[in-house]
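# A closer look at the structure
Chain by chain, the residues run as shown.
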Amino acid sequence: MPDEAAMSSVYPVIGEAGFVRLVAAFYRQVPTDELLGPMYPPGELAAAEKRLRDFLVYRFGGPQRYIEERGHPRLRMRHAPFAISLVARDRWVELMDRAIMEARIPPPVVAIMQPFLAETATFMVNS
Ligand code: HEM
């Protein structure tokens, strides 16, 4: 896991716009993914996109909107309603890796983001 100084160095580099591009590129792939698509409530995709974006912004050194609106993340608990197998975890990471490329995140930032996202995804596995 990257240290906190590295984590909070990301937002000043890619800004709000970088997170908007990244999370939009991720959610563009979700509806048609045969494994992850059915997990996400169709009418809630825009709201889900905002929740993930605000969380990543907060976690990588940006404004605390996520905390203000959702409180403590408790991510494992919030993922408990979904059956997340290792295969689903790998798919989530694959979609996110593709989104990182598509959003043209600079390599030094990728080096910080990728391990955090991959390790957090492993932590979500619950079935
Ligand atoms: C391991 C595979 C994962 C799967 C299958 C998965 C799936 C989901 C689903 C179905 C939702 C509900 C959508 C919504 O209404 O917000 C959700 C919410 C969320 N996920 Fe994941 N997720 C995964 C990993 C992650 C990871 C690695 C992170 C963070 C780095 C993350 C962050 C979030 C956040 C912040 C929310 C919204 C929580 C809330 O405030 O209610 N997820 N996820």
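Use the structure listed above.
Presented here is a report on the structure given in the accompanying data block. (Residues numbered from 1 in each chain as written. Predicted model: local features only at pLDDT ≥ 70, side-chain atom pairs only at ≥ 80, totals over all residues. Heavy atoms only, no water.)

Helix and strand counts for the protein stand at seven helices and zero strands. Against the globule reference of 14 Å for 127 residues, the protein gives a C-alpha radius of gyration of 14 Å, in line with a compact fold. Seen through its C-alpha atoms, the protein measures out along the principal axes to roughly 35 × 30 × 25 Å. Expressed as a percentage of its 127 residues, the buried residues of the protein come to 43%. Across the protein, the fraction of contacts at a sequence separation of at least 24, relative to all contacts at a separation of at least 6, is 74%. Only carbon and sulfur atoms are counted for the fraction: they give 62% of the accessible area of the protein, which is about 6900 Å². In the protein, 15 positive and 15 negative side-chain charges are present, and the distance between their average locations comes to 3 Å. (Helix = DSSP H or I, 4+ residues; strand = E, 2+ residues; numbered from the N terminus. Rg over C-alpha atoms; globule rule 2.2 N^0.38 Å. Buried < 20%, exposed > 50% of the residue type's maximum accessible area, 1.4 Å probe, protein only. Contact = heavy atoms within 4.5 Å. Areas by Shrake-Rupley, 256 points an atom, 1.4 Å probe, with all protein chains shown as cover. Lys, Arg positive; Asp, Glu negative; His and termini not counted. Charge placed at Lys NZ, Arg CZ, Asp CG, Glu CD.)

Ranked by internal contacts, the top residues of the largest apolar core, which has 39 residues, are Phe19, Phe26, Leu56, Phe60, Trp92 and Met113. Of all the secondary structure elements, the ones that give two or more residues to this core are helix H2 (10-29), helix H3 (45-59), helix H6 (86-102) and helix H7 (107-124). When sequence neighbours within four positions are dropped, the list of residues in contact with Phe26 reads Tyr40, Leu52, Trp92, Leu95, Met96 and Ala99. (Core = buried A, V, L, I, M, F, W, Y, C linked by side-chain atoms within 4.5 Å.)

The next thing to look at is the site of the ligand. The local shell around the ligand holds 21 residues, among which Tyr40, Arg51, Tyr66, Arg70 and His79 are the closest. In the environment of the ligand, an oxygen atom lies 2.7 Å from a nitrogen or oxygen atom belonging to the side chain of Arg51. One of the side-chain N or O atoms of Tyr66 is found 2.5 Å from an oxygen atom in the ligand. With respect to the detected pockets, the ligand is housed in the largest pocket. If you list the elements that add at least two residues to the shell around the ligand, you get H3, helix H4 (65-70), helix H5 (75-78), H6 and H7. Counting residues per element, the shell around the ligand draws most heavily on H7, which supplies five residues. Among the residues forming the shell around the ligand, the class breakdown is 15 nonpolar, two polar and four charged. (Near = heavy atom within 4 Å. Polar contact = N/O pair within 3.5 Å; in protein donor to acceptor, adjacent residues only side chain to side chain. 1 Å grid on protein atoms, 1.4 Å probe; cavity = no way out; pocket = protein on both sides within 12 Å on 5 of 7 lines; lining within 4 Å. Sits in = over half its atoms within 2 Å of the grid points. Nonpolar A, V, L, I, M, F, W, Y, C, P; charged D, E, K, R; others polar.)

The next thing to look at is the pattern of salt bridges. Within this structure, the stated rule accounts for twelve salt bridges. The closest approach of N and O atoms between Glu4 and Arg59, which form a salt bridge, is 3.1 Å. Residue Glu4 is located in helix H1 (residues 4-8), and its partner Arg59 is located in helix H3; the two are separated by 55 residues in the primary sequence. The class for Glu4 is partly exposed, based on a relative accessible area of 47%. (Salt bridge = Lys/Arg side-chain N within 4 Å of Asp/Glu carboxyl O.)

Note that every value here comes from positions in space, so none of it alone points to a role or purpose.
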